[in-house]
Amino acid sequence: MLHVVKGSSPQGIKKAHDIVAALQKKRPEAEVFTFSELSWSADKFSSLLSAQGLFESKYIVLLDRVLSAEGAQGAVFENLKMLAEAEHAFVLYEEKILAAELKKLEKHAFKVYEISAPVLSEKKEQFNLFGLTDALGARDKKKAWILFNEALHREIAAEEIHGVIWWQIKSILLASGAKSAAETGLNPFVYKKAKQYAGNFSTRELTTISEKLVDMYHQAHRGEADFLVELERFVLEI
């Protein structure tokens, strides 16, 4: 079974996590596997596809913005029929999906959710995580730390916070070496801001920062580090 969520973060990723949580309630014994742009593994994805029926417990797979990872788009779209017919559950989340790709997904998905309005809880609805990323882009540590703690107070998950920070740094890195939004594939407004923030960093700094975010993600998911502690340290050091 394949569920597809299309929508901007953090609203979109929250919807994807809500679907996973709902599936877990129906399948409390199910193991959850998560792939992201940072943790994509073609071999592991292939093994989950080919292992249909070998597990007594059905599993749940979250594909969190994987299509930008090398080889992921082909692996997903070439196996849509298998994803749709699987007894296991696959949840694909992307902020943007091209119309032609969305049409293919709609043919195989159990349901496609297009998130255009906030779906955050009342406690979170007034908080915009992108204020945090703007503060980081401006290298305003004090403001960034305040907004980070506000995110914690509103119980926003480490995955969501890391996701938007990664998106911002990646956008700045793309914009730093480009002459136009078209070269980067970014929205013109996003490109303009990212290009402005790029002036606050050297290319070497941006590369180092992106590597830190990748390492942090993997260490946290291997249980070697506290995700929120590492995120706070990152916010204070940037």
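Criteria and cut-off values
- Residues numbered from 1 in each chain as written.
- Predicted model: local features only at pLDDT ≥ 70, side-chain atom pairs only at ≥ 80, totals over all residues.
- Heavy atoms only, no water.
- Helix = DSSP H or I, 4+ residues; strand = E, 2+ residues; numbered from the N terminus.
- Rg over C-alpha atoms; globule rule 2.2 N^0.38 Å.
- Buried < 20%, exposed > 50% of the residue type's maximum accessible area, 1.4 Å probe, protein only.
- Contact = heavy atoms within 4.5 Å.
- Areas by Shrake-Rupley, 256 points an atom, 1.4 Å probe, with all protein chains shown as cover.
- Lys, Arg positive; Asp, Glu negative; His and termini not counted.
- Charge placed at Lys NZ, Arg CZ, Asp CG, Glu CD.
- Pairing = 2+ DSSP bridges.
- Axes fitted to C-alpha atoms, helices over the stretch in contact; angles between N-to-C directions.

Within the protein chain one finds 12 helices and five strands. Its C-alpha atoms give the protein chain a radius of gyration of 18 Å, near enough to 18 Å, the size a compact globule of 238 residues would have. Taken along the three principal axes of its C-alpha coordinates, the protein chain extends 50 × 40 × 35 Å. Relative to its full complement of 238 residues, the protein chain shows a buried share of 46%. Across the protein chain, every contact between residues at least 6 apart in sequence was considered, and the portion connecting residues at least 24 apart equals 77%. Accessible surface, the protein chain: about 12500 Å² in total, of which carbon and sulfur atoms supply 51%. Charge separation in the protein chain, taken as the distance between the mean sites of 31 positive and 33 negative side-chain charges, equals 5 Å.

Right, let's talk about the sheet that holds strand 3 (residues 60-64) for a bit. With parallel pairing, the five strands of this open sheet are ordered in space as 2-3-4-1-5. Of all strands in the sheet, those with a lone pairing partner are strand 2 (32-36) and strand 5 (111-115), marking the two edges. In this sheet, adjacent strand axes meet at a mean angle of 15° when their direction is disregarded. Where strand 2 and strand 3 come together, five bridges link them in parallel fashion. Bridging across to strand 3, Phe33 finds its partner in Val61. The sheet strands contacting helix 2 (residues 42-50) are strand 2, strand 3 and strand 4 (89-94), and the helix crosses strand 2 at an angle near 140°.

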